[in-house]
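Observations on chain architecture
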Amino acid sequence: MKIFKFLFFLFFIISWIIPSTAVFGQSENPEYPVYIVQPGDTINLIAIKFNVSATDIIAANNITDPNLLSVSTPLVIPGIKGVSGVLTYKAVSIGENPDSLARIYQIPKDVIFRLNQTTSPSEFYIGSNVILVESPENSYQQSSLSSGDSLFERSILENASFWETTILNQVDNPWAILPKETFILPIGTNNDNQTNVEFIGLPLTQGKSAVINVNSMSQDLSGRVGNLELKFFSNNSQQSSIFGIHAMLPAGLYPFHLEFKNNLDQNVVIDQLILIQQGFYPQDPPLQVDPSTLDESLTKPEDDLIFQVTSPFTTEQLWSGVFNYPVDEPVCIKSWFGNRRSYNDQPYNRFHTGVDFGVCANLNIYAPADGKVVFTDSLLTRGNATLIDHGLGVYSGFWHQETILVEEGQFVKAGDLIGTIGNTGRSTGPHLHWELLVNGIQVDPLPWLETVFP
Ligand SMILES: [Zn+2]
C-alpha cells in the first residue's frame, strides 16, 4: 500500500508539474528590443538598419501614419527575439571584438552576431558600426590586458574582487581573456595602469588627416596603418602621431599594428583591421595643359625634390591652434582637394593635391600658421613655389605665385605676407594652389581650419 500511495503521489506531482510548465512556456512573452528614433530616421531606414520589414515595424508599433515619425519615439523592433533593452550603434575601437563587446555590454556573443547578421569576428574592425543593446546600468569600467598579464593578476593589481570580475566578464577561468582584449572591472577599482589608445578622426578617410594618442611614454612605441609607418612625438603625458591617408588609397580594410611597453613595462602588441572609407571626390572637367608639364622625365625630378624638402621631421610643433586661410576674404575656391583629374584626354588616374583659390579679394598670400620657410624657387609645374615647415612633419606648399616675399630659413607667423598670387608653372589662370603635407602625404587642408591638430 505504501508503494501504491507513493506512486499515486508521484503521479499527482508529475501531472501537476507538466501542465504548469507548459502553461509557463506559453505565457512567456517574446521579448523584443526597442530602438529610439534618431534625427533623420524613417521607417524604411530603420527597417534597413535592422534587416526587418517596414510593414512588421508598423504593425508591431501600431503606427497609423509612417510619415509622422517623431525623434525620440521608442519603437519595438520585431524579428530580433530574445533580446530586450535599447538598441544602440557603436563604432568599434581598438582592442574590441565580439568577445569583449559581449562582456562590456553584458549580452551573449551569439546575440551580438544575430543583431549584426554575421558570424565572422573579422567584421568587427576598428571604425565599423555595430548594433548593440545598451547596458541597463553602468556599474563597471573598461580595461584591457597586456601580454603576460592574466585577469587574476589584474584583479589583484587593481583592487577588484577576482570572483566578481570573472562573473561580470562571463568567464570561468583567469586565462579566458586574451591579452589586449577589453574586459570590465567593478566600478571604483584602481585603473591607473590602463594604457589608453585612441584615434581622433575615425573612420579614417581618403585624403583626410587623423591622430592617434597612446598614453605611454615608452621609447619602443611604433605603429603602422596599412603600409604607413606612424611617426610619434611626445604630447604632454602621452605620445601622438598625426598622419594622412593618401587620397588615391583604395577604400577598404587595412591592417593596423601598434607596439609599445605599457606603464607596467609589459610589451603590448595590437593587431587589428581598420576601415579606410571613401572620400567621395568628384571628377574635375578634363584639363588641357602643355604636354611637357606631363612628361615624367621632367616632372619626376621636381616631385622628388619636393619629397626631399618635406621629408625631415621637425620634432618641435611650430604652430598652435587652427590654421587660417592663406588668402584674404572673400575666399573663392576654384578647385577642391582630392578631385579626380584627367589631363590631355588621359584617364582619371590623378587627383588634385591641394585647394585652388581664385583672385577674389586681392593677390596677397599669407602664412596659414607659424613655421619656417624651407624652400623658395621657380619650378616647371609648380611655378614660383614656397614651402613652410610647421613642425611634426606638417608642411604647407604654395604654388604658381607671381612673387615670393620670403627667404629660405626665415621664420614666419600666421598671417605674415609671404607672396602674391600668379599664373606660373602648370596653371590655366591666376590662382593660388595651397597644399598641406603630413609626413609626405598630401591631405585636405580645409579641415585644419576648423580642427586643432594634433
Ligand atoms: Zn591646384
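Residues numbered from 1 in each chain as written. Predicted model: local features only at pLDDT ≥ 70, side-chain atom pairs only at ≥ 80, totals over all residues.

1. Examining the overall build of the chain
For clarity, the cut-off: In DSSP terms, a helix is any run of H or I states spanning at least four residues, a strand is any run of E spanning at least two, and both are numbered starting from the N terminus. Burial is judged by counting other C-beta atoms within 10 Å of a residue's own C-beta: 20 or more means buried, 12 or fewer means exposed, and anything between counts as partly exposed, with every C-beta placed from the backbone. A residue pair is marked as a contact if its C-beta atoms, positioned from the backbone, fall within 7 Å.
Counting its regular elements, the chain contains eight helices and 27 strands. For the chain, buried positions account for 31% of its 454 residues. Nonlocal contacts in the chain, meaning residues at least 24 apart in sequence, comprise 70% of its contacts between residues at least 6 apart.

2. Structural notes on the nonpolar core
In plain terms, the rule: Each nonpolar core consists of buried Ala, Val, Leu, Ile, Met, Phe, Trp, Tyr and Cys residues. Their C-beta atoms, within 7 Å, join them into a set. Boundaries between domains were set according to an automatic or database domain assignment.
Ile-274, Leu-432 and Val-438 are the most contacted members of the largest nonpolar core, which totals 53 residues. When residues of this core are assigned to their parent elements, the largest contribution, five residues, is made by strand β26 (residues 432-438). There are two domains that each give this core at least three residues, and those are domain 2 (197-277) and domain 3 (291-449). When near neighbours in sequence (up to four residues on either side) are disregarded, Leu-432 contacts Pro-326, Val-327, Phe-357, Ile-365, Phe-398, His-400 and Ile-421. In this structure, Leu-75, Ile-112, Ile-131 and Val-133 belong to the second largest nonpolar core, which totals 13 residues.

3. Regarding the sheet that holds strand β7 (residues 197-200)
The condition is simple: By definition, two strands form a pair when at least two bridges between them are found by DSSP. Note on method: axes are straight lines fitted to C-alpha atoms, helices fitted across the in-contact stretch only, with angles between N-to-C directions ranging 0 to 180 degrees.
Taking strand neighbours across the sheet as the criterion, the four strands line up as β7-β9-β13-β12 in an open arrangement whose pairing is antiparallel. Of all the strands in the sheet, the pair left with one neighbour each is β7 and β12 (233-235). Neighbouring strand axes in the sheet, compared pairwise and without regard to direction, differ in orientation by 30° on average. Pairing between strand β9 (residues 209-214) and strand β13 (residues 238-244): six bridges, direction antiparallel. Each bridged residue has a counterpart across the sheet, and for Val-211 the counterpart in β13 is Ile-242.

4. Observations concerning unusual backbone geometry
Note that the residue after Leu-202, namely Pro-203, is joined by a cis bond; omega there is -10°. As for its placement among the helices and strands, Pro-203 is situated in the loop between β7 and β8 (204-205). The linkage connecting Glu-329 with the following residue, Pro-330, adopts the cis geometry, with an omega of 0°. Along the polypeptide, Pro-330 turns up in the loop between α8 (296-309) and β16 (333-335). Its identity as a non-glycine residue notwithstanding, Asn-51 has a phi of 55°, on the positive side.

5. Structural notes on the sheet that holds strand β14 (residues 252-261)
Reading across the sheet, the five strands line up as β8-β15-β14-β10-β11 and stay open at both edges, with mixed pairing between neighbours. For this open sheet the edge positions go to β8 and β11 (228-229), each flanked by a neighbour on one side alone.

6. Concerning the pairing of β9
Note: β7 against β9, four bridges, orientation antiparallel. Residue pairing for β9: Glu-198 is matched across the bridge by Asn-213.

7. Some remarks on α8
Test applied: Every helix has an expected span of 1.5 Å times one less than the residues it contains.
End to end, α8 covers 19 Å across 14 residues, agreeing with the expected 20 Å (1.5 Å per residue, within 8%). Little of α8 sits out of view: just one of its 14 residues are buried.

8. Some details on the environment of Trp-448
In this structure, Trp-448 sits in the segment after β27 (441-443). C-alpha of Trp-448 to C-alpha of Asn-324: the two residues are 124 residues apart in sequence and 8.3 Å apart in space. Those residues in contact with Trp-448, other than ones at most four positions away along the chain, are Val-322, Phe-323, Leu-436 and Phe-453.

9. With respect to helix α4 (residues 98-105)
Within the span of α4, buried status applies to Pro-98, Asp-99, Ser-100, Arg-103 and Ile-104. Gln-106 lies just past α4 and shows a positive phi near 55°.

10. Quick word on the confidence of the model for the chain
Parts of the model with low pLDDT should not have their predicted coordinates read in detail. The test is simple: Residue-level confidence of the predictor is summarised by pLDDT, bounded by 0 at the bottom and 100 at the top.
Counting all residues, the mean pLDDT for the chain is 83, and 81% of those residues have values of 70 or more. Contacts for the low-pLDDT stretch residues 10-29, under 50 throughout, to residues beyond four places or in other chains number zero contacts. Predicted confidence for residues 188-193 stays below pLDDT 50, and this span has 13 contacts to residues more than four positions away or in other chains.

11. Quick word on the environment of Asn-213
Here Asn-213 is to be found in strand β9. Residue classification places Asn-213 among the partly exposed positions, given that 18 C-beta atoms sit within 10 Å. Spatially, the C-alpha atoms of Asn-213 and Phe-233 are 9.8 Å apart, while their sequence positions differ by 20 residues.

12. Considering the environment of Gly-393
Inspection of the secondary structure assignment puts Gly-393 in the loop between β22 (383-391) and β23 (394-404). Dropping the residues within four chain positions of it, Gly-393 is found in contact with Lys-231, Ile-242, Phe-313, Val-438 and Asn-439.

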